[in-house]
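Results of the structural survey
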Amino acid sequence: MLDTSRVTSYLYTMHNIVRELRQEENLSQGQLGDALGVSRQTINSIEQGRYLPSLPLAMGIARHFGRSVEEVFDEGDE
Amino acid sequence: MKETNDTQGRSAAPYSGLKSVRTSRWVMPIFTVLMGVVILVASWMGGNPRDGLFGLALMTCLAGAVMLGGRRSESLRLMTQPDERWAGIDRAASLLAGYVLLTLVIGSWIYELSQGQDGDPYARLMAITGASYLIALVFLRWRR
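Quick caveat: nothing in here was measured; it's all calculated off a predicted structure.

Scanning chain A from N- to C-terminus turns up six helices and two strands. Sequence-ordered secondary structure for chain A, helices as α and strands as β, is α-β-α-α-α-α-α-β. Total accessible area on chain A is roughly 4,300 Å²; 51% of this is exposed by carbon and sulfur atoms.

Right under this line is the structure:
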């Protein structure tokens, strides 16, 4: 069951596999950022779990790698 | 592209709506130079053209530094063309600056009152700020 108190927390973070997927395709953070229309810093922050992407960006990331959003982002502990 | 388990036939094509977040890279530099022109005109009207020219030169140099620096520094480039993360950082920083300014205005108003003054113009600034906040609340409640 989703803990909604965590969803609304300012400090809420999620585990993701963006780095692993990016490295599988031999992409740099800059290249992935260019493909998605965001900066390298944003990709880095997402990979490190410091930044939660918006829904459109999360969907864009998932679609770029041909995965579902749930496969890429997981609310489990890092 | 890896195959997905999506059975609803959604396209795996990259999401194309993200690029609309970015603004033109000329907006901030042009606005900065225009502010310099406003400073020049106001200073000239006040009898201080030299100060106005200095202000215009300063703002022009600032705009140029951000434009040129943006070619080497991603952080500077993001100041003119923010992505969603940088836009969020900008909003948070603006909010903090607003709270600091508001605290100073309220503090100055209270100090003026304690000195037997009428609190002008701080009282008017607080009234305008409060009204703006309420209008924004109503508008955003309606739109979101």
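This is not the end of the story, as more comes after the structure.
Now for the packing of helix α3 (residues 29-36) of chain A against helix α5 (residues 55-64) of chain A. Residue and element names in this part refer to chain A. Viewed as axis vectors pointing N to C, α3 and α5 meet at an angle of 115°, and their least axial separation amounts to 10 Å. Here α3 is positioned roughly perpendicular relative to α5, judged by the angle of their axes. In terms of crossing hand, the pair formed by α3 and α5 is right-handed. Touching L32, A35 and L36 of α3 are L57, G60, I61 and H64, all from α5. Here the residues of the contact of α3 with α5 sort into five nonpolar, two polar and no charged.

This paragraph deals with the nonpolar core. Formed by 15 residues in total, the largest nonpolar core has its most connected members in V18(A), L36(A), I46(A), I61(A), V72(A) and F73(A). Sort the elements by how many residues they give to this core and α5(A) lands first, with four residues.

Turning our eyes to something else, we now look at the confidence of the model for chain B. Residue and element names in this part refer to chain B. Residue-level pLDDT values for chain B average 85, and 84% of them are 70 or greater. Counting interchain partners and residues more than four positions distant, the pLDDT-below-50 stretch residues 1-21 has 30 contacts. As a predicted assembly, this complex carries a pTM of 0.72 together with an ipTM value of 0.79.

Mean pLDDT over chain A stands at 86; residues scoring 70 or higher make up 79%. Here residues 5-9 of chain A is a poorly scored stretch, pLDDT under 50, and it has six contacts once near neighbours within four places are set aside; other chains count.

Residues and elements named next belong to chain B. Residues Y133, L134, L137 and V138 make up a contiguous nonpolar surface patch of about 430 Å² in total accessible area. Within the secondary structure layout, Y133 lies in helix α5 (residues 122-143). Accessibility expressed as a relative area gives 54% for Y133, which makes it exposed.

Turning our attention to helix α4 (residues 84-114) of chain B. Here α4(B) is 31 residues long and its end C-alpha atoms lie 45 Å apart, about the 45 Å a rise of 1.5 Å per residue gives. Listed as buried for α4(B) are E84(B), R85(B), W86(B) and V105(B). In this structure, the buried side of α4(B) is in contact with α4 (40-47) and α5 of chain A together with α3 (74-80) and α5 of chain B.

Quick look at unusual backbone geometry now. Most peptide bonds are trans, and most residues other than glycine sit at a negative phi. Here D120(B) and P121(B) are connected by a cis peptide whose omega angle stands at -5°. For P121(B), the location among the structural elements is in the loop between α4 and α5. If you check the backbone angles, N26(A) has positive phi at about 55° while not being a glycine. Here N26(A) lies in the loop between α2 (18-24) and α3.

What counts and how
- The numbers attached to residues start from 1 for each chain and follow its sequence in the written order.
- Written order determines the labels here, with chains lettered from A and ligands numbered from 1.
- Only residues with pLDDT of 70 or above have their local features reported here, since the model is predicted, and side-chain atom pairs are shown and tallied only from 80 upward, although totals for entire chains, interfaces and linings are computed over all residues.
- Only hydrogens and water are set aside; all other atoms, that is, all heavy atoms of the structure, feed into the side-chain values.
- Comment: elements are numbered from the N terminus, with helices defined as DSSP H or I runs of at least four residues and strands as E runs of at least two.
- All accessible-area figures derive from a Shrake-Rupley calculation using a 1.4 Å probe, and residue coverage is judged against the displayed protein chains alone.
- Throughout, an axis means a line fitted to C-alpha atoms (over the contacting stretch in the case of helices), and angles, computed between N-to-C directions, take values from 0 to 180 degrees.
- Throughout, the term roughly parallel applies to angles under 35 degrees, roughly antiparallel to angles over 145, roughly perpendicular to angles from 65 to 115, and oblique to all others.
- By the definition used in this description, the sense in which the near helix is turned from the far one sets the handedness, with an anticlockwise turn below a right angle giving left-handed and a clockwise turn giving right-handed.
- Residue contacts are counted whenever heavy atoms from the two residues lie within 4.5 Å of one another.
- Amino acids are sorted into nonpolar (Ala, Val, Leu, Ile, Met, Phe, Trp, Tyr, Cys and Pro), charged (Asp, Glu, Lys and Arg) and polar (every other residue, Gly among them).
- Here, nonpolar core refers to any group of buried Ala, Val, Leu, Ile, Met, Phe, Trp, Tyr and Cys residues whose side-chain atoms link them within 4.5 Å.
- Burial classes: relative accessible area under 20% of the type maximum marks a residue as buried, over 50% as exposed, and values in between as partly exposed (1.4 Å probe, protein chains only).
- Every residue is assigned a pLDDT by the predictor, reflecting its confidence on a scale from 0 to 100.
- Patch membership requires more than 30% relative accessible area and the absence of a salt bridge. Residues of like charge join within 9 Å; the nonpolar side chains Val, Leu, Ile, Met, Phe, Trp and Tyr join within 5 Å.
- We define a salt bridge as a side-chain nitrogen of Lys or Arg found within 4 Å of a carboxyl oxygen belonging to Asp or Glu.
- By this rule the span expected of a helix is its residue count minus one, scaled by 1.5 Å.

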